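One-letter residues, chain by chain:
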Amino acid sequence: MIFSKKIGLMLFLAMSSLAVNAQNEKPNVLVILADDLGYGDVGFTGSKEIFTPNLDKLANNGVVFKNGYVTHPYCGPSRAGLITGRYQARFGLEINLTNSPFDMYNGLPLSEQTFAKRLQKTGYTTGAIGKWHLGGSDTFHPNNRGFDYFYGFLSGGHSYFPENVKTHMPLINPKNNKPHYSANEGSYWPLTRNNKAGEFNEYLTTALSKDAAKFIQSSDKPFCLYLAYNAPHLPLEAPKETIEKYNHIKDKKRRTYAAMIDEMDQGIGLVLESLKKSGKYDNTLIFFLSDNGGPRKNGETFANNGNFREGKGSMYEGGCHVPFILHWPKGNLNVGEFDGLVSALDIAATAVAVGNGDTSGETLEGTNLIPYLTGKQKGSPHNALYWRMQDGMAWAVRTEKTKFLKLNKKGVKPELFDMKKDPFEAKDIVAKNTKKRAQMAKLWNEWNQGNTSNRYLQSGEYQKKRLDLYKKMYEKEQQAAAKKKLLVIE
Ligand code: CA
């Protein structure tokens, strides 16, 4: 009798300590980023053409941000803002970076910390899987920027089929004897796992998803995973049988693009399955968003940004207004649509807040969204959101009510829109609203005071300015090779 009482007491103590542990357990953070995904190309934003059942389930059981934005209308700068939780203009990163393994300059500045680094410092296991695009040299490698683990590619894009990988990609293009300096060089390079070769045996989106599932399953500490798909970014490549699922889409390009999104959704399904199997589903914050809008220029009209104007690269809504959700069952969030202004910057602020991450160094600029989503805090997480492209070649500022912007086109004038009455920016009202215009300009100017000029060179400028540098390195290597004695074996 005494014995069984004792066991009972032990069991009770063990169970209550489990309960305490579960209560105190830090939540996991999973950020799933799509690449160039059109606003209207997932089920939860209204697509009837493209099937995304896994994402739709997350959206149905999570919070859908109706006014969710990224900080730049294309890849590199948008990712720099998201990963640091700071406007990338603060550190002058306003173009896509190159992918040279020798370039010590082109990368996320070392003054900045990723949200993963902030969580790593307080005990999280951290991983980055997929596209990096924040520097190609070792200095900027994800393993050196707060990620314990990396699988993927450092470049801005990648082919989806392993058979396209070339094992010999010269750093100097033999056709014109010029170094590679374009942003997307590396599309045909092998994948890497940490600093070693990583296997690549199947459709890229599936390979990344399976790797993410494995990472989740194997982490025994709270984890932070940045799963950055390159889908559905160019090149348009998808398995034949998935493309066939989309025979109801007439346009061939769009059919493949749809299949790429479908594959991504299936991959996300594998990741969610892994979370469920390992008992981590309920206590994981899952963010899903796209790094910019779907492309709508240069004949790339296969993406659909819903009713938003233009797309990738534009200061109109099509450029930066993205599909964006947060799912966290244990967080007791008010499931449904959320109207306040939300930024990709908020991911870092929220993750660091809920994970009790390190807040030293440069100030996080986003807002912890949780109090707004549980109803503790009312209103919009931001009074205004800001954009700047290359020192102000194009810019925008949006409050809940108004947007003031200038496009990246010669000779165009700034425009003003009433975002309550005209969320699709059909009617420019700048002429009749000089006072409002001045107010909006003041907001932007105040914000811009904290920025620095763009510090990076465009690939065209690379040809002119950096070519000498690369040429010298190349020539030095040639001379060294000429002097080297050939191996003699016996
Ligand atoms: Ca992109």
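As a reminder, the structure under discussion sits directly above these lines.
All values derive from a computational prediction rather than experimental measurement.

A. Quick peek at the overall build of the protein. A count of helices and strands for the protein gives twelve helices and 18 strands. For the protein, the proportion of its 490 residues judged to be buried stands at 55%. For the protein, contacts bridging at least 24 residues in sequence account for 71% of all contacts bridging at least 6.

B. Layout of the pairing of strand E15 (residues 384-389). Counted residue by residue, E15 has six buried out of six residues, so it is predominantly covered. Because side chains alternate across E15, one face comprises the buried residues Ala384, Tyr386 and Arg388, and the other comprises Leu385, Trp387 and Met389, equally buried. Relative to strand E16 (residues 394-399), E15 is paired through six bridges, and the arrangement is antiparallel. Its bridge partner being in E16, Arg388 is matched across the sheet by Trp395.

C. Quick look at the coordination of the calcium ion. In the first shell of the calcium ion, the protein supplies Asp35 (OD), Asp36 (OD), Cys75 (SG), Asp291 (OD), Asp291 (OD) and Asn292 (OD1), at 2.2 to 2.6 Å from the metal. Donor residues for the calcium ion sit on one chain with the sequence pattern D-D-x38-C-x215-D-N. With Asp35 in the loop between strand E1 (28-34) and helix H2 (53-60) and Cys75 in helix H3 (residues 75-84), this residue pair connects regions lying 40 residues apart in the sequence. By relative accessible area, Asp35 is classed as buried at 0%.

D. The arrangement of the packing of H2 against helix H7 (residues 252-277) in detail. For the pair H2 and H7, the least separation of the axes is 7 Å and the interaxial angle reads 60°. The pairing of H2 with H7 is recorded here as oblique in orientation. For the pair H2 and H7, contact is made by Pro53, Asn54, Leu55 and Leu58 and by Asp265, Gln266, Ile268, Gly269 and Leu272, respectively. By residue class, the composition of the contact of H2 with H7 is five nonpolar, three polar and one charged.

E. Up close: H7. Over its 26 residues, H7 extends 38 Å from the first C-alpha to the last, a length consistent with the 38 Å expected when each residue adds 1.5 Å. Within H7, 19 of the 26 residues are buried, which leaves it mostly tucked inside the rest of the structure. The distance from a side-chain oxygen at the start of H7 to the backbone nitrogen of Lys253 is 3.2 Å, and the residue carrying that oxygen is Asp251. Phi turns positive, to about 70°, at Gly279, one or two residues after H7.

Reading the values: the criteria
- Residues numbered from 1 in each chain as written.
- Predicted model: local features only at pLDDT ≥ 70, side-chain atom pairs only at ≥ 80, totals over all residues.
- Heavy atoms only, no water.
- Helix = DSSP H or I, 4+ residues; strand = E, 2+ residues; numbered from the N terminus.
- Buried < 20%, exposed > 50% of the residue type's maximum accessible area, 1.4 Å probe, protein only.
- Contact = heavy atoms within 4.5 Å.
- Pairing = 2+ DSSP bridges.
- Donors = N, O, S within 2.8 Å, 3.2 Å for Na, K, Ca; no water.
- Axes fitted to C-alpha atoms, helices over the stretch in contact; angles between N-to-C directions.
- Parallel < 35°, antiparallel > 145°, perpendicular 65-115°, else oblique.
- Nonpolar A, V, L, I, M, F, W, Y, C, P; charged D, E, K, R; others polar.
- Expected span 1.5 Å × (residues − 1).
- Polar contact = N/O pair within 3.5 Å; in protein donor to acceptor, adjacent residues only side chain to side chain.

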